[in-house]
Amino acid sequence: MGRIDGYLVCGGNWHDFDYPRLRLLELLAEHEDVRVLVGRDFRDIEGIAGCRFVVTYTCDLRPGEAEVENLARFVERGGRWFALHGTNAVFEMEPDGVHSPRILPRYMETLGSQFIAHPPTGRYPVWPVAEHPLVEGLGRWETGDGEELYLCEYHGEVRPLLATRFGGEAPGFAESSWPEEREWPVLYLHPFGEGAVLYLTPGHRRRKYDMLVAPGGQAFGSAAGRFQFPEYPRFEPGSWEVPEYVELLRRGIRWAKGEYPLL
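Per an unreviewed UniProt entry, the chain is named ThuA domain-containing protein, and its organism is Tepidiforma bonchosmolovskayae.

Set out below in structure tokens:
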């Protein structure tokens, strides 16, 4: 296939972006044929459009209209987008809790979902719900400590590959009540035009300075200051050291390159 160009976008608010950026670049570097551009947002429209795949680890990152349309066209024309964790999350920090405003419909339709809330961080079980090379042989496993279980709205066709179950409360979020226990996708494929999105929702990570606004970031909402901590009181490592999660990252990159079927 020759040289394969990819684009890694890693940035936003409320998370440790340094470690995931490093780990993802290490995993991408395992592929001799891959060359990667790196950005903290989606402003490099020409660079993204010229790549074969995109990998994203973001949170509360709000692409502009032209950036959204570029991403949508990229996938529609056959591109592959491996999206991680908070890529589908935008927040408004308000006195009554964290809101998830529906302000980027085209962006969320391209991704296939929008984050709405999560229960308190912790470990939770994950298991395959479909037969697919991306999850072959993984079986049942458990996320890392301090992980977030994503409760989302879904758009278009979503094909779950891994799932967990949840029903209960998501304290601190404006939409906090989720009483019906059901399966929630943890890894899914979302066909969009001639391309597709592979979305992996675990991957939370936060260290003591990550609840301050990230470098170059912007805290949104009238109560955003109330959600900032000079030092966050605990380390939330998420799943980055869990072998099954690392294997999913490796397979996701191979999918993005085209080594696995699109769907």
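Undergrad: Please clarify how the overall build of the chain should be interpreted in this entry.
TA: In terms of regular secondary structure, the chain is built from 5 helices and 13 strands. Here the chain has a C-alpha radius of gyration of 17 Å; the compact-globule value for 263 residues is 18 Å, and the two agree. The buried share of the chain, taken over its 263 residues, is 56%. Taking the contacts inside the chain whose residues are at least 6 apart along the sequence as the reference set, 76% of them involve residues at least 24 apart. Looking at the chain as shown, the accessible area adds up to about 11000 Å², and 50% of this sits on carbon and sulfur atoms.

Undergrad: Help me understand the sheet that holds strand β3 (residues 53-59), please; the structure alone is not making it clear to me.
TA: Remark on secondary structure: sheet strands pair via backbone hydrogen bonds, oriented parallel or antiparallel. Pairing is mixed across the open sheet formed by 9 strands, whose spatial order is β2-β1-β3-β4-β13-β12-β11-β8-β9. Each edge of the sheet is formed by a strand with only one pairing partner; in this case those strands are β2 (34-39) and β9 (141-142). In terms of strand pairing, β3 meets strand β4 (residues 80-84) through 5 bridges, oriented parallel. Within β4, the position partnered with F53 by the bridge is R80. The strands touched by helix α5 (residues 243-257) are β1 (4-12), β2, β3, β4, β9, β11 (159-169), β12 (177-192) and β13 (195-200); relative to β4, the strand with the most contacts, the crossing angle is about 160°.

Undergrad: I would appreciate a short explanation of helix α1 (residues 18-28) in the present structure.
TA: Each α-helix turn comprises 3.6 residues. Residues three or four places apart therefore point the same way. Y19, P20, R23, L24, L27 and L28 are the residues of α1 that are buried. Within α1, the buried residues cover an arc of 160° as seen down the axis, which keeps them to one side. Against the buried residues of α1 lie β1, β2, β3, β4 and α5.

Undergrad: Would you take a moment to explain the pairing of β3 for this structure?
TA: Side chains on a regular strand alternate between the two faces of the sheet. For β3, a buried count of 7 out of 7 residues is recorded, marking the element as mostly surrounded by other parts of the structure. Neither face of β3 is left uncovered, since the one carrying F53, V55, Y57 and C59 and the one carrying V54, T56 and T58 both have all their residues buried. Note: β1 against β3, 7 bridges, orientation parallel. Following the sheet pairing, Y7 is matched in β3 by V54. The parallel pair β3 and β4 is bridged by helix α3 (residues 65-76), and the resulting crossover is right-handed.

Undergrad: How should I be thinking about the state of the cysteines in this particular structure?
TA: Two cysteines whose sulfur atoms are joined by a covalent bond form what is called a disulfide. Counting across every chain of the model gives 0 disulfides. Summary of cysteine pairing: C59 is not part of a disulfide, and the nearest cysteine sulfur, belonging to C10, is at 11 Å. We note that C152 lacks a disulfide partner, and the nearest cysteine sulfur, in C59, lies 12 Å from it.

Undergrad: Honestly, the side chain of D16 in this entry has me stumped. Any pointers?
TA: Tracing the sequence through the fold places D16 in the loop between β1 and α1. Side chain to side chain, D16 and R207 meet in a polar contact 2.9 Å long. Among residues more than four places away in sequence, those in contact with D16 are Y57, R205, R206, R207 and D210.

Undergrad: Please clarify how the packing of aromatic side chains should be interpreted in this entry.
TA: To describe a pair of aromatic rings, one takes the distance between the centres and the angle between the planes. On inspection of all chains with the given rule, the structure shows 15 aromatic pairs. Both rings, one in Y19 and one in W240, keep their centres 6.4 Å apart while their planes meet at 90°; by these two values the pair is edge-to-face. Placement of Y19 in helix α1 and of W240 in the loop between β13 and α5 is noted, with a sequence separation of 221 residues between them. Considered together, Y19 and W240 belong to a single accessibility category, that of buried residues. Measuring from ring centre to ring centre gives 6.3 Å for Y154 and Y188, while their planes differ by 80°; the resulting arrangement is edge-to-face. Taken as a pair, Y154 in strand β10 (residues 151-154) and Y188 in strand β12 lie far apart in primary sequence, 34 residues in all.

What counts and how
- Residues numbered from 1 in each chain as written.
- Predicted model: local features only at pLDDT ≥ 70, side-chain atom pairs only at ≥ 80, totals over all residues.
- Heavy atoms only, no water.
- Helix = DSSP H or I, 4+ residues; strand = E, 2+ residues; numbered from the N terminus.
- Rg over C-alpha atoms; globule rule 2.2 N^0.38 Å.
- Buried < 20%, exposed > 50% of the residue type's maximum accessible area, 1.4 Å probe, protein only.
- Contact = heavy atoms within 4.5 Å.
- Areas by Shrake-Rupley, 256 points an atom, 1.4 Å probe, with all protein chains shown as cover.
- Pairing = 2+ DSSP bridges.
- Axes fitted to C-alpha atoms, helices over the stretch in contact; angles between N-to-C directions.
- Arc of directions from axis to C-beta.
- Right-handed = clockwise from strand over helix to strand, strands pointing away.
- Disulfide = S-S within 2.5 Å.
- Polar contact = N/O pair within 3.5 Å; in protein donor to acceptor, adjacent residues only side chain to side chain.
- Phe/Tyr/Trp six-rings, centres within 6.5 Å; stacked < 30°, edge-to-face > 60°.

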